[in-house]
Amino acid sequence: MSVSAHIGPLGARVVPAALGLATLMARMVPDPSMGELAPKIHVWPLGANVLIGGLLFGVGMVVAGGCISGTLWRIGEGYVGSLVALGGILLGLEGAALSWNWWWENSMSRAPLIWLPHSLGHMGAWISVMAALAVLYLLTYWWEARRAGPEVRFPGQPQPPLVTFEDRRLALWNRLFVQAWPASAAAVALSLLNVTAFAFDHPLGVTGELSGWSSRAFGLLGLYPGRLEGLDQFSGCNLVDAPPGLLTNTFMLDVGLVFGAFAASVMASEFKIRVPRQLLRYLQSAMGGTLMGYGSGIALGCTIGAFFSAIPSLGLNGWLFGLGLLGGAFVGSQIIRRLA
Amino acid sequence: MKLDVRGEICPYPMMRTVDALGKLPPNEELEVLTDHAPALATIPWEASKRGYAVDVEKVRSGEWKLTLRKTQGPLDPIAVVQEITQKTNMGG
């Protein structure tokens, strides 16, 4: 099955397009000297943990039927299976915290850190990433035309002629809150959001906050991973040992995703409590969630933090994680076909 | 024949529909009930490749009924899905 089915009806092409715009806009954010990393960008060493984390994550997201942010918004749309997946994610994150020091010692602390502006300059790095994204865009375009179905949009009822102000107001409301957005508009919105988040705090990411929840929950059971080595040296979706608090960007982002999806599905009159009927589906959600939690824990982020926010940060770790995702998603799709 | 795939997410609504089409007696239509919006794209796509036309009807919030009928002659999957897109009203 196509990857696009897992990231929603917008189509897989949104991903390179949005990454491209975020990269473009990131150039407007003031950067420090070339000698060191810009603060809070999602760049970290190219350790085996990044690739393996991506692989596990890829398998998990296909088996569970959605990535971590996908799990959050599907909870908001009423998918009960996604709640089970969230439980798995928290379990996997705890596993990652318990084994983090091993990954640090054997992979992360020894791996090379490559930030493209160091070797290519800002302009060179930017041009290289944009060119790579353009190639990726064309490749996805070609792949979708060859393998998957056409991109489907839901335009809603045929619009009556817009005469009065009320007609126009209603049409605008429908376009914004009832019908699905065109892929390009959603991509631009997402990229602007990410650049804004970066300008004010740090790039978007959802797993760091969840690792705080997991750590708090398992702490109640007496499970403490202890000190995690090396995590203070970079700024991704690092594992944390306590939730940073309610009035924080990361808490608001994670909980906001759930409520936003709930609101959107209610306004589109598409909300429903969706209950899987087979035990196997609950197991899939739990197992897939656990793989995603563990993978994102050792790779410092999920499809958002370690991929969508990492590629515009101009490091190579986002690409390595993406490669893992691709391989993992392929393995995952072979698995789910056998679980009908 | 009726097929209830409510509660299932991708790719299962599509896979179980294809499975049911294989067992469908001739001259009978297949009614598929789903609560997974992405299946409104995947089911018609696979059905049209197998010579079935699809009607989509929204039953209630977050629930749709697809009716699959065998048709004469080949169908163009792209045209079929585009037509359903025109008809489907996600805003209900």
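Thresholds applied
- Residues numbered from 1 in each chain as written.
- Chains lettered and ligands numbered in written order.
- Predicted model: local features only at pLDDT ≥ 70, side-chain atom pairs only at ≥ 80, totals over all residues.
- Heavy atoms only, no water.
- Helix = DSSP H or I, 4+ residues; strand = E, 2+ residues; numbered from the N terminus.
- Buried < 20%, exposed > 50% of the residue type's maximum accessible area, 1.4 Å probe, protein only.
- Contact = heavy atoms within 4.5 Å.
- Core = buried A, V, L, I, M, F, W, Y, C linked by side-chain atoms within 4.5 Å.
- Expected span 1.5 Å × (residues − 1).
- Bend = angle between axes of the 7 residues up to and from the residue.
- Pairing = 2+ DSSP bridges.
- Polar contact = N/O pair within 3.5 Å; in protein donor to acceptor, adjacent residues only side chain to side chain.
- pLDDT = per-residue confidence, 0-100.

**Q** Teacher, can you tell me more about the environment of Val206(A) here?
**A** All names here are of chain A. Of note, Val-206 is situated in the loop between α7 (183-200) and α8 (207-220). For Val-206, a relative accessible area of 2% corresponds to the buried category. Sequence-wise, Val-206 and Phe-251 are 45 residues apart; in three dimensions their C-alpha atoms are separated by 8.6 Å. Discounting chain neighbours no more than four positions away, the residues touching Val-206 are Ile-68, Ser-69, Leu-72, Cys-237, Leu-253, Asp-254, Leu-257 and Cys-302.

**Q** What is the right way to read the nonpolar core from this model?
**A** Phe57(A), Met61(A), Ile68(A), Trp100(A), Leu239(A) and Phe321(A) are the most contacted members of the largest nonpolar core, which has 61 residues in total. Considering each element in turn, this core owes the most residues, 11 residues, to helix α4 (residues 80-108) of chain A. When sequence neighbours within four positions are dropped, the list of residues in contact with Trp100(A) reads Asn49(A), Met108(A), Leu228(A), Glu229(A), Leu231(A), Leu239(A), Gly297(A), Ile298(A) and Leu300(A). The next biggest cluster of nonpolar side chains, apart from the first, holds 20 residues, and it includes Val5(B), Leu24(B), Ala47(B) and Ile84(B).

**Q** Would you mind showing me how to read helix α5 (residues 116-146) of chain A here?
**A** Helical geometry: 3.6 residues make up each α-helical turn, so side chains three or four residues apart lie on a common side. The end-to-end C-alpha distance of α5(A), which contains 31 residues, comes to just 33 Å, noticeably less than the 45 Å that a straight helix rising 1.5 Å per residue would cover. In the structure, α5(A) departs most strongly from a straight axis at His122(A), where the bend amounts to approximately 95°.

**Q** What is the right way to read the pairing of strand β3 (residues 52-60) of chain B from this model?
**A** If a strand is regular, its side chains alternate between the two faces of the sheet. Residue and element names in this part refer to chain B. Pairing of β3 with strand β4 (residues 63-70) involves eight bridges; the strand directions are antiparallel. Paired with Tyr-52 across the strands is Lys-70, a residue of β4. Taken together, β3 and the strand that follows it, β4, pair antiparallel across an intervening segment of two residues, in which Gly-62 is found at a positive phi of about 75°.

**Q** Would you explain the environment of Glu63(B) in this entry?
**A** Locating Glu63(B) in the fold gives a position in strand β4. When the C-alpha atoms of Glu63(B) and His36(B) are compared, they prove to be 7.4 Å apart, with 27 residues separating the residues in sequence. Ignoring anything within four residues of it in the chain, the contact list for Glu63(B) reads Lys272(A), Arg6(B), Leu33(B), Thr34(B), Asp35(B), Glu57(B) and Lys58(B). Only 2.7 Å separates the side chain of Glu63(B) from the side chain of Arg60(B), close enough to count as a polar contact.

**Q** I'm lost on the confidence of the model for chain A in this one. Help?
**A** Predicted coordinates in areas of low pLDDT are best not read in detail. Residues and elements named next belong to chain A. Taken as a whole, chain A shows an average pLDDT of 85; of its residues, 87% reach a score of 70 or greater. Contacts for the low-pLDDT stretch residues 1-10, under 50 throughout, to residues beyond four places or in other chains number 23 contacts. Confidence over residues 151-157 falls short of pLDDT 50; this stretch has 24 contacts with residues more than four positions distant or in other chains.

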